[in-house]
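Observations on the model geometry
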Amino acid sequence: MSYQSFSRRVLRAVAAAVTGAVAFAGCAVDHSGTDDSKPTIRIAYQSFPSGDLVVKNNRWLETELPGYNIKWTKFDSGADVNTAFIAKQVDFGALGSSPVARGLSAPLNIPYQVAFVLDVAGDNEALVARNGTGIESIADLKGKRIGTAFASTAHYSLLAALDRNRLSANDVKLVDLQPQASLAAWERGDVDAVYTWLPTLDQLRKTGKTLITSRELATAGKPTLDLGVVSKEFAEAHPDVVDTWRKVQARALDTIKNRPDEAAKAVSAEIGLSTQDAAQQLGQGVFLTTEQLTSKEWLGTEGAVGDIAVSLHSAAEFLVAQKQIPAAPSLEAIRDGIYVKGLPSVLGS
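Numbering of residues begins from 1 in every chain and follows the order in which that chain's sequence is written. Only residues with pLDDT of at least 70 get local features here, since the model is predicted, and only at 80 or more are side-chain atom pairs given and counted; chain-wide, interface and lining totals rely on the full set of residues. Just so you know, side-chain values use all the structure's heavy atoms and leave hydrogens and water out.

**Examining the overall build of the chain**
Looking only at helices and strands, the chain has 16 helices and 13 strands in total. Taken over the C-alpha trace, the chain has a radius of gyration of 19 Å; the compact-globule value for 349 residues is 20 Å, and the two agree within 12%. Projected onto its principal axes, the C-alpha coordinates of the chain cover approximately 55 × 45 × 40 Å. We call two residues contacting when some pair of their heavy atoms lies within 4.5 Å. Look at the contacts in the chain between residues 6 or more apart in sequence, and 78% of them connect residues 24 or more apart. Side-chain charges in the chain split into 35 positive and 39 negative, and the spacing between the mean points of these groups amounts to 5 Å. Secondary structure is summarised from DSSP: a helix means a run of H or I of at least four residues, a strand means a run of E of at least two, and numbering begins at the N terminus for each. In this setup the radius of gyration rests on C-alpha atoms only. A globule is expected at 2.2 Å times the number of residues raised to 0.38. Positive charge is attributed to Lys and Arg, negative charge to Asp and Glu, and no charge count is given to His or to the chain ends. Here the site of a charge means NZ on Lys, CZ on Arg, CG on Asp, or CD on Glu.

So this is what it looks like as C-alpha cells:
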C-alpha cells in the first residue's frame, strides 16, 4: 500500500472521528458492571494470546481499581487501535510495534507512550502459503496474492520477509485483510498466502506451509513486539492508575511463566479455544520477566530509556524505505514515546 493511500485512509478515519461518526468495525465492547457514578478507564485489547487476556479474564484491574469502571473494547488490529486513539476513545491499548512506530510518526503523531512489552513475536506470527499453490519458498510469491492486515506488525514482517528475498510490495499483490477475513479468503482460494497471528494462524497452518516466522525475522534483525500503550494525557492525570495497570500486567507475565495452566485457562476462556490449544499458542510467544522488561535491552528505567526506542526507530525507518510513512521521527522523539516513570521499583524488580 502506498503512503498516499495510507494517508487518505488515515484522513478519512480522523474526519469520521471528528464528526462523531466513527464506527469501529470489528470491535466488541464489554459494558459489564458499568456504574455511572464512577469514572471509566477505556482499554483496547486484541484476542492474541497474551498476559492482557489473563488480566482481563481474572478481572484484576476491576479488583485493584474499585473506584473506576473498566471498559474493555476488542479490536481486530493495531491500525484500528490507532484510529481509536486518534478519536480519543481509549486510554490504554494493546498493539504491535509496527503500528506503534506508525502512531509515533507523521501524519498520525498519536500522543501515547509505550508502557509495557506484552510479548516478543516468535512463532505466533508467520507467513503461510496455501497448499496447492505450488509455493515452496518466499521467492515463489512473486505475482501471488498475499493477505495481511495493513499497518499491522504482520504487514511490517511481510515487507521485511519480501525485502530479504529481493522482492518488493510491487512484486506481489497485497490484500488488506483482518485475521478472520483472511481465513475466509484462504478457504475460498482468493489468496495464495497470508501473514497473520494467532489464533487465526493455527487454522491456516492446517492446510498450508509456513514460509517464515517472526521469530526468524527477529533473529535476522527485524524483531516485532506486542506493546501496551497509554495516552499521554491519561498518564499525566492518573499516574497511579498506570502503575496499577503495569503491576497487573507484570503479574500476568509471572502467571504465564510460573502457573502456565492458570494462564492457559484464562486465555482459552477469552479466545474460545480449548485449554490445551491455548497453552500451545502461549508457548509460541516470548514473554519477558520483569527484570528483562526494565533492562537496557527493553523498556529501561526512569531517566534511562532502553533499546526498545532504537527498535521502534528502526521500524519507522524501514517503513519510510517501504514508502509507508513520509519520515521517521528522531530517536529522541521515540524515546519521549516510552513511559518509564517509576521503573524498575514500580514493578518490584
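**A look at the nonpolar core**
A general trend in soluble globular proteins is that nonpolar side chains are found buried together. By size, the foremost hydrophobic cluster in this structure holds 98 residues, and its most contacted members are Leu61, Phe92, Val100, Val114, Leu127, Leu141 and Ile308. Broken down by element, this core gets its largest block of residues, eight residues, from helix H11 (residues 239–258). If sequence neighbours within four positions are ignored, Leu61 has contacts with Ile43, Val55, Ile70, Trp72, Thr244, Trp245 and Val248. By nonpolar core is meant a set of buried Ala, Val, Leu, Ile, Met, Phe, Trp, Tyr and Cys residues that side-chain atoms within 4.5 Å join together. A 1.4 Å probe rolled over the protein chains alone gives each residue an accessible area, and that area as a share of the maximum for its type sets the label: buried under 20%, exposed over 50%, partly exposed in between.

**Here's the deal with empty space enclosed by the protein**
A pocket, in this scheme, is an open set of points on a 1 Å grid over the protein atoms alone with protein on both sides within 12 Å along at least 5 of 7 lines, while a cavity is a set where a 1.4 Å probe fits but cannot get out; residues line either one if an atom lies within 4 Å of a point. Grid points are joined across faces, edges and corners, and a volume is the space filled by probe spheres set on the points. Under the criterion given, the structure shown has three cavities of 30 Å³ or more. By volume, the largest cavity amounts to about 70 Å³. As for the largest cavity, its lining consists of Gln46, Phe48, Ser77, Gly78, Gly96, Pro99, Glu125, Ser152, Thr153, Trp197 and Asp226. Counted by class, the lining of the largest cavity contains three nonpolar, six polar and two charged residues. For this classification, Asp, Glu, Lys and Arg are treated as charged, while Ala, Val, Leu, Ile, Met, Phe, Trp, Tyr, Cys and Pro are nonpolar and the rest, including Gly, are polar.

**Overview of the packing of helix H2 (residues 51–58) against H11**
Packing of H2 against H11 brings their axes to within 8 Å, and their N-to-C directions diverge by 105 degrees. Here H11 runs roughly perpendicular to H2, going by the angle between their axes. Counting all contacts with H2, which are made through Gly51, Asp52, Val54 and Val55, the residues of H11 involved are Val248, Gln249, Ala252 and Ile256. Tallied by class, the residues present in the contact of H2 with H11 amount to five nonpolar, two polar and one charged. Lines fitted to C-alpha atoms define the axes, with helix axes restricted to the stretch in contact, and inter-axis angles between N-to-C directions lie between 0 and 180 degrees. Roughly parallel here means an angle under 35 degrees, roughly antiparallel means over 145, roughly perpendicular means 65 to 115, and every remaining angle is called oblique.

**Focus: the pattern of salt bridges**
A side-chain nitrogen of Lys or Arg and a carboxyl oxygen of Asp or Glu constitute a salt bridge if their distance falls within 4 Å. Applying the stated criterion across every chain yields a total of twelve salt bridges. Across the pair Asp243 and Arg246 runs a salt bridge whose closest N-O atoms are separated by 2.7 Å. Here Asp243 pairs with Arg246, and both are found in helix H11, just three residues apart, close to one helical turn. Looking at Asp243, the relative accessible area reads 23%, which means it is partly exposed. The shortest N-O distance in the salt bridge between Arg335 and Glu332 comes to 3.8 Å.

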